[in-house]
Amino acid sequence: MFKQFLLFAFISFSFVVNNYSQQASDKQIQIGLDKIYNFNWDEGFRIFNSIIKKNPTDPRGYHYKSIIFLWHYLGNLNEVYLDSFTYFSDKAIELTEVKGKQKPSAELSYLLGSIYYNKSIAEARSGNYLQALWTSNQMKSNLEDAVKIKPDFYDAYLGLGLYNFALSQIPSTLEWAANLVGITADKELGLDYVKKTTQKGKLSKVDAQYYLSQLYARVIVDHPAAKEILNNLVRRYPKNLLFNFSLAWVEFELNELSNSEKHIRFVINSNDQLYPFVSSNSNYLLGNVFFARNQFDSARVYYQNYIKTAINDDYKGFANFRIGLCYELNGNRKEAVKYYEKSDDGNTDIEEDLYAERKGKELEDKKLSSNDMRLIKITNLIKQNKLDAAKDSLENYIEQNKINNDQKAEAIFHLCEVTYKQRQYGKALEYAVECIKTTVERERWVHAYAHYFGAWISYNQKKFIDSELFLLQIEGIGEFDFRNSLENKIYTLQRLLPKNSKK
């Protein structure tokens, strides 16, 4: 989670500082930020270059100019942009420290913390996590100085919030480094700080809104809340490819396939050259949309486009695996095997790629059965929000086919999922228990997720102790696919449970 959270910060936007010097500059900065939020880079450069020309000792012009280069680097990993970012951010640090020695202020401490924050993001994206930890601590120290001087400096709470949230997820392999630099973090405090900036921040309000949307989407797992924020951002900055992609991702999670496709196509059709990361991932997401619609030829095309344009190995294994499935579901076993063999090409830090590697090896030697194929197509009906059709098909699938225990358990789990979505909690709980009681050989994730749904069902029935007991049972299952994702979902539910139910 720590690495993913820092890398998701390629989405990072600027931290900003207000009331530092001339009010005219503050207005210019806001205009410049609006331009680059809407991906109008030339105008952004023009405005920030103008600030530097008029006030060559004002560190803000260099800081905001450096941000544009950082975004470009994060979007395509071109080292030239990283070098430019480093030059201008170092210049901003130099000028800020000079002014700070002359007359310390909350605004200068905040600006220095903001610069160090951006540096930590660049270091994390480069894979230099130890340096990123040290730089993050520099950020924290300066932002804390800012709020000590001026407690109502709400923009400063965003950096402190993200620090607390991200560092609370630090992996055990980096704990020694965190202890060395004195890092402590509190996830809930971090969330409260981000919300504070969202509500009361000034120039950094857009940053806070976007970050909060990502926390809701990927950690708190409140997709409707994330969608509401992203809808507002897309309306305000319609040309922002990242906002559009993020909204498309949330809409896919909400099973709103048509809306998701609309925003994905906007990104792909932009033919943007600076942000191949966003463009290539849009092809991957559109592949998922078509796969969910059982349109396997179209899905295969977009997965292949993704592999051709990807700037790193993330999701390549899963894309290859899905291409193999697309071929086999359309009757071409020979081509399918070629892609199953490439299912280990991904990033082992990503759960989808780990799953693809395991399943790809299985399917190299064992073809999909007709029951496997049918189950894939039926479960896709859930992504299409055709819940009644999915329910009827799943019941028929269990009754009329000779299926193995893994297939049966997965089918029952999806019946639990469907009836839960239909708010038939009594029936959903019966399916969850039946799934848990069905012995499985390979697909242990089914039992884990059945317990998770059992916990949500119990929560909705106000049986809070039962809900907690379902969650506790997951700990004893051992390793299973998508464990980290489930832990985030569990965290969401645990935040809602009454405290006395957890004793």
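Everything in this summary refers to the structure shown in the same document. (Residues numbered from 1 in each chain as written. Predicted model: local features only at pLDDT ≥ 70, side-chain atom pairs only at ≥ 80, totals over all residues. Heavy atoms only, no water.)

Digging into the overall build of the protein chain
No. 1: Helix and strand counts for the protein chain stand at 26 helices and zero strands.
No. 2: Against the 2.2 N^0.38 benchmark of 23 Å for 503 residues, the protein chain shows a C-alpha radius of gyration of 24 Å, consistent with a compact globule.
No. 3: Counting only C-alpha atoms, the protein chain reaches 80 × 55 × 40 Å along its principal axes.
No. 4: Residues counted as buried form 58% of the 503 residues belonging to the protein chain.
No. 5: Considering only contacts in the protein chain between residues 6 or more positions apart, those separated by 24 or more positions represent 65%.
No. 6: Just so you have it, the protein chain exposes about 21,700 Å², and 48% of that area is on carbon and sulfur atoms.
No. 7: Counting 65 positive and 62 negative side-chain charges, the protein chain places the averaged centre of each group 5 Å from the other. (Helix = DSSP H or I, 4+ residues; strand = E, 2+ residues; numbered from the N terminus. Rg over C-alpha atoms; globule rule 2.2 N^0.38 Å. Buried < 20%, exposed > 50% of the residue type's maximum accessible area, 1.4 Å probe, protein only. Contact = heavy atoms within 4.5 Å. Areas by Shrake-Rupley, 256 points an atom, 1.4 Å probe, with all protein chains shown as cover. Lys, Arg positive; Asp, Glu negative; His and termini not counted. Charge placed at Lys NZ, Arg CZ, Asp CG, Glu CD.)

A word on the nonpolar core
No. 1: Residues Phe291 and Leu325 are the most contacted members of the largest nonpolar core, which totals 112 residues.
No. 2: Broken down by element, this core gets its largest block of residues, 10 residues, from helix 11 (residues 205–220).
No. 3: Not counting the four nearest positions on each side in its chain, leucine 325 is found in contact with Phe291, Tyr340, Leu363, Leu368 and Ile376.
No. 4: Residues Ile403, Trp445, Phe453 and Leu497 belong to the second largest nonpolar core, which totals 42 residues. (Core = buried A, V, L, I, M, F, W, Y, C linked by side-chain atoms within 4.5 Å.)

Comments concerning helix 12 (residues 223–236)
Quick reminder: α-helices carry 3.6 residues per turn. Residues three or four places apart thus point the same way.
No. 1: If you check helix 12, its first and last C-alpha atoms are 20 Å apart, about what 14 residues at 1.5 Å a residue would give, namely 20 Å.
No. 2: Here helix 12 has its buried residues at His223, Ala225, Ala226, Lys227, Ile229, Leu230, Leu233 and Val234.
No. 3: Buried residues along helix 12 sit against helix 11, helix 13 (241–253) and helix 14 (257–269). (Expected span 1.5 Å × (residues − 1).)

Thoughts on unusual backbone geometry
No. 1: A positive phi angle, close to 55 degrees, is found at valine 221, a residue other than glycine.
No. 2: Counting through the fold element by element, valine 221 comes out in the loop between helix 11 and helix 12.
No. 3: By relative accessible area, valine 221 is classed as partly exposed at 22%.
No. 4: One non-glycine residue, phenylalanine 482, lies in the positive phi region at around 60 degrees.
No. 5: Within the secondary structure, phenylalanine 482 is located in the loop between helix 25 (464–474) and helix 26 (483–496).

Some remarks on the environment of isoleucine 403
No. 1: Inspection of the secondary structure puts isoleucine 403 in the loop between helix 21 (387–400) and helix 22 (405–421).
No. 2: For isoleucine 403, a relative accessible area of 19% translates into the label buried.
No. 3: Between the C-alpha atoms of isoleucine 403 and valine 206, which are 197 residues apart in sequence, the distance is 52 Å.

Things to note about the packing of aromatic side chains
Each aromatic ring pair is characterised by the separation of its centres together with the angle its planes make.
No. 1: Per the counting criterion, the structure on display carries 35 aromatic pairs.
No. 2: Measuring from centroid to centroid gives 6.2 Å for tyrosine 237 and phenylalanine 243, while their planes differ by 55 degrees, and the two rings are tilted. For the pair tyrosine 237 and phenylalanine 243, a shared accessibility class is recorded, and that class is buried.
No. 3: Relative to phenylalanine 318, the ring of tyrosine 284 lies with its centre 6.3 Å away and its plane at 65 degrees, an arrangement referred to as edge-to-face. Residue tyrosine 284 is located in helix 15 (residues 276–292), and its partner phenylalanine 318 is located in helix 17 (residues 316–329); the two are separated by 34 residues in the primary sequence. Accessibility assignment for this pair places tyrosine 284 and phenylalanine 318 in one class, buried.
No. 4: Three or more aromatic residues joined by ring pairs form one cluster here, namely Tyr284, Tyr303, Tyr306, Tyr315, Phe318, Phe321, Tyr340, Tyr355 and Phe482.
No. 5: Just above the ring of tyrosine 157 sits the side chain of lysine 196; from NZ or CZ to the centre is 4.5 Å. (Phe/Tyr/Trp six-rings, centres within 6.5 Å; stacked < 30°, edge-to-face > 60°. Lys NZ or Arg CZ within 6 Å of the ring centre and 35° of its normal.)

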